[in-house]
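# Residue-level structural notes
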Amino acid sequence: MSRAQAESVIKNIIREISQECASKGQAVSETLVAFMVKAVVLDPDNEFNVDRTLTKDDVQKLIRLCVERLMDNRSPALETVKMQVYFDMNYTTRSDFLEEHRRVLESRLQPVVREITDSRARTREELESLYRKIVSAVLLRSGLGSPTDIAVVREATAALQSVFPQTELGSFMSLNKRDKERQLLELTMIVTGIRLFNKECGKGGEGIDDLPAILNEAVPATTQSVDTEIQSTLRSAYQYTALIEDLTKRPKQVGPSIQILKEALINTRQHEAFLRIILNDVISCAQQVELLENQLATRMEQLQATVQSKTAVPTAQVYPQFIHLAQLWSGFQDEMVLLSVLSNILASLEPFTRGHKELFTDELLNPYIMDGMVVLTDEERINATSGPEHRVNPQDYQAENRDWLFPETTKNFAKLPLQYKGYCAYTLAKYDRLLVPANPAIGVMRYRDHYYAFSSREAAYEFAQAPQEYIHLVAEGAKKSPELIQLLELHTQFSTITPYSQGRDAGKMVEKPVTKCDSGTQTDTHFMESNIVKTYEWNEWELRRKAIKLANLRTRLTTAMQTNMSNMRRDNVTQVYPLKDVDTQTKTDGYSNVPKPQVFLAGLRGGGMSVPTVMTKVDLTIDVDQT
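Residues numbered from 1 in each chain as written. Predicted model: local features only at pLDDT ≥ 70, side-chain atom pairs only at ≥ 80, totals over all residues. Heavy atoms only, no water.

- For the protein, an unreviewed UniProt entry supplies the name Cilia- and flagella-associated protein 206 and the organism Batillaria attramentaria.
- Under the heading Sequence similarities (unreviewed entry), UniProt records this for the protein: "Belongs to the CFAP206 family."
- The record held by UniProt for the protein lists under Subcellular location (unreviewed entry) the comment "Cytoplasm, Cytoskeleton, Cilium axoneme". (UniProt positions renumbered as here; feature names shortened; annotations may be inferred.)

In structure tokens:
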């Protein structure tokens, strides 16, 4: 069967199970049904062979078993699965929560923004209407008051007019759509900063809630609620653990079902894990609120010092401060949204714990607790096994692939990724899914790059003798209670689990298991994706030809045309090359730097009639060597 055919069959099975549950009055999500299908197939008691294609009878059996489990409203295991599905579908990281909130806010604002950016207002009435829409968009995006409140609208309009008077609408209309959206966002932040500053000065602030004060009350209240819920959940977990240990020691079971008690214990531990995740997020909220409050106070002081009593302040000084002020306030709004989401998740998790509380009421448990049963907390269990006498001695048991780690000999010991979420590996296997917190101070065993902690030294020694066997027993227990896969984070381990059909007796199998098969491996010829750059040229003459072609464009004329449909809908521009200054050069006279010839003629005047004239020529030119 191909992958597409298998997916189609699975979808049909999920759809059929959902319809059958709906016909019996139980609405279930497809995610929950898919999880339940996997759980039923994993359970070895159901005898599904994962190595062959399901027959028609197998499909009907699978549907029947899934419907039976989904309709069992008093099953703590089903409530745990529902809790895990709900948490996975509704909880995400802090950044994803805020990103989704902003995306929803922008999608709701998009029609208003589009109406502004697409406006072609010309008349005075149309321009006034456009300005009012801008004010509404600013209010909606900032979240500071309602656009239907007259006092809020007047204050926002006055703040907007101080930075964007109505006379600037002409310039705004000439911008393209993206620039309009960018300017609207900038105007929103500046107006928000102005209104917040005016509220601080006591000159405005209509419709603006005091978010820091609200958060300072809401965060401790939410923290207290989560902590109270954790203590209540732990109280039930302690009682269930003590009762299971007590019933296990008795020769005959007298009292509640150990199987249902273990399912209830898994439910409480899963609830505790989710509550601690929420508590960490609430603590992060408190830290972020404290940081924002300090930054807000500092920014307000800087604005006060900048503005003081001046009648005019350069916009380059105050606008960035107003924008930063708006960003800080947006941080407070984000914390409000995050706190609200966490509170909703906290309230939604509580119904998934009612099943075991109704099954094991205080009236049912008190007779066993009063009968000398000792109920220990996690701290008491850890304290009872702390001390040098309870620690593992590495010399007592040494074997290959087994290393013992201790707090004083291991760096970052507290941050070791313990297997099974810090629960005792030996107790999980020995007592079939019993969750008992481990004490890492006893000694952490490293086996095949995994770290295992234990609740006692004896448990550590027992596990160290045959670790692979106990790991297999934990996996088999997770097949019976698939909710443990998420609680103990066994996803990677289940990728190599042996099919159930290979662990069954031959008489109970639907068909004989396949113990041998032909297999082969192949190395791809080109395992890297091809990355061919079409514009690459290796020939320099081809590059020269392209360069000449591009240079030839300078002599061409850029033209544009417009149709009736595109008129007034787009900006048309042309581009020309500016004139270039051109100089020419002519020849100039040149000479060499040699001495200038100088000649003196003496005796030209003569000596009279009786005396003949004798001319003497004297060369006065300076020698080249003397220059």
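Text resumes after the structure shown.
## A short note on the overall build of the protein
- Looking only at helices and strands, one finds 20 helices and five strands in the protein.
- Residues classed as buried in the protein amount to 37% of the 627 residues present.
- By sequence separation, contacts in the protein at least 24 residues apart represent 71% of the contacts at least 6 residues apart.
- Summing over all exposed atoms, the protein offers an accessible surface of approximately 39700 Å²; the carbon and sulfur share of this is 51%. (Helix = DSSP H or I, 4+ residues; strand = E, 2+ residues; numbered from the N terminus. Buried < 20%, exposed > 50% of the residue type's maximum accessible area, 1.4 Å probe, protein only. Contact = heavy atoms within 4.5 Å. Areas by Shrake-Rupley, 256 points an atom, 1.4 Å probe, with all protein chains shown as cover.)

## Describing the packing of aromatic side chains
- Considering all chains together, one arrives at 15 aromatic pairs under this definition.
- Aromatic pair Tyr420 and Tyr452: ring centres 5.9 Å apart, planes at 55°, arrangement tilted. In this pair, Tyr420 is assigned in the loop between strand E1 (403–405) and helix H16 (425–430) and Tyr452 in strand E3 (residues 450–452), connecting sequence segments 32 residues apart.
- Overall, Tyr452 belongs to the buried group, its relative accessible area being 3%. (Phe/Tyr/Trp six-rings, centres within 6.5 Å; stacked < 30°, edge-to-face > 60°.)

## Observations concerning unusual backbone geometry
- A positive phi angle is found at Tyr420, which is not glycine, with a value near 60°.
- The class of Tyr420 is buried, set by a relative accessible area of 1%.

## Remarks on the layout of surface pockets
- Approximately 740 Å³ is the volume attributed to the largest pocket.
- The wall of the largest pocket is formed by 28 residues, among which Leu105, Arg141, Ser142, Ser330 and Gln333 lie closest to the centre.
- Mapped onto the lining of the largest pocket, the elements with two or more residues apiece are helix H5 (94–117), helix H6 (124–142), helix H9 (177–201) and helix H12 (315–349).
- The greatest single-element share of the lining of the largest pocket, amounting to eight residues, is contributed by H12.
- Residue composition of the lining of the largest pocket, grouped by class: 12 nonpolar, 10 polar and six charged. (1 Å grid on protein atoms, 1.4 Å probe; cavity = no way out; pocket = protein on both sides within 12 Å on 5 of 7 lines; lining within 4 Å. Points joined across faces, edges and corners; volume = space filled by probe spheres on them. Nonpolar A, V, L, I, M, F, W, Y, C, P; charged D, E, K, R; others polar.)

## A few points about the environment of Phe172
- With respect to the helices and strands, the residue Phe172 is situated in helix H8 (residues 169–173).
- When sequence neighbours within four positions are dropped, the list of residues in contact with Phe172 reads Ile116, Ile134, Phe164, Lys180, Gln183 and Leu184.

## Thoughts on the pairing of strand E2 (residues 444–447)
- As paired elements, E1 and E2 share three bridges and run antiparallel to each other. Its bridge partner being in E2, Leu405 is matched across the sheet by Val444.
- Across three bridges, E2 lies against E3 in antiparallel orientation. Within the sheet, the bridge partner assigned to Arg446 lies in E3 and is Tyr451. (Pairing = 2+ DSSP bridges.)

## Considerations on a nonpolar patch on the surface
- Residues Val599, Leu601, Leu604 and Met615 make up a contiguous nonpolar surface patch of roughly 380 Å² in combined accessible area.
- Its location among the elements puts Leu604 in the loop between strand E4 (599–602) and strand E5 (616–619). (Patch = residues over 30% accessible without salt bridge, like charges linked within 9 Å, V, L, I, M, F, W, Y side chains within 5 Å. Salt bridge = Lys/Arg side-chain N within 4 Å of Asp/Glu carboxyl O.)

## Remarks on the packing of helix H10 (residues 211–249) against helix H11 (residues 258–307)
- Across the interface, H10 lies against H11 with an axial gap of 8 Å and an inter-helix angle of 160°. Considered as vectors, H10 and H11 are oriented roughly antiparallel to each other. In the packing of H10 onto H11, the handedness of the crossing is left-handed.
- Grouping the amino acids of the contact of H10 with H11 by side-chain chemistry returns 23 nonpolar, nine polar and six charged. (Axes fitted to C-alpha atoms, helices over the stretch in contact; angles between N-to-C directions. Parallel < 35°, antiparallel > 145°, perpendicular 65-115°, else oblique. Left-handed = near helix turned anticlockwise from the far one by under 90°.)

## Focus on empty space enclosed by the protein
- Counted by the stated rule, this structure contains three cavities of 30 Å³ or more.
- For the second largest cavity, the calculated volume is near 40 Å³.
- What lines the second largest cavity is Leu109, Val113, Ala137, Val138, Arg141, Leu184 and Thr188.
- Its residues assigned to classes, the lining of the second largest cavity comprises five nonpolar, one polar and one charged.

## Here's the deal with the packing of H5 against H9
- Interhelical geometry of H5 versus H9 gives an angle of 120° and a closest axis separation of 10 Å. Between H5 and H9, the crossing angle belongs to the class labelled oblique. Once H5 is placed against H9, the crossing between them reads as right-handed. Only Lys177, Lys180, Glu181 and Leu184 of H9 make contact with H5, whose side of the interface consists of Gln110, Val113, Arg114, Ile116 and Thr117.
- Residues that form the contact of H5 with H9 fall into these classes: three nonpolar, two polar and four charged.

## Structural notes on the pattern of salt bridges
- One pass over the structure, following the stated rule, counts 22 salt bridges.
- The shortest N-O distance in the salt bridge between Lys133 and Glu115 comes to 2.7 Å. Within this pair, whereas Lys133 is found in helix H6, its partner Glu115 is found in helix H5, the two being separated by 18 residues in sequence.

## Focus: helix H20 (residues 540–552)
- Here H20 contains 13 residues, and its C-alpha end-to-end distance of 18 Å stays within 8% of the 18 Å for a straight helix at 1.5 Å per residue.
- Of the residues flanking the start of H20, the one acting as N-cap is Asn539, its side-chain oxygen 3.0 Å from the backbone nitrogen of Trp541. (Expected span 1.5 Å × (residues − 1). Polar contact = N/O pair within 3.5 Å; in protein donor to acceptor, adjacent residues only side chain to side chain.)

## Quick look at the side chain of Glu335
- Looking at the element boundaries, Glu335 is found in helix H12.
- Overall, Glu335 belongs to the buried group, its relative accessible area being 2%.
- Beyond its immediate sequence surroundings of up to four residues, Glu335 is in contact with Arg94, Leu215, Cys285, Gln288, Val289 and Leu292.

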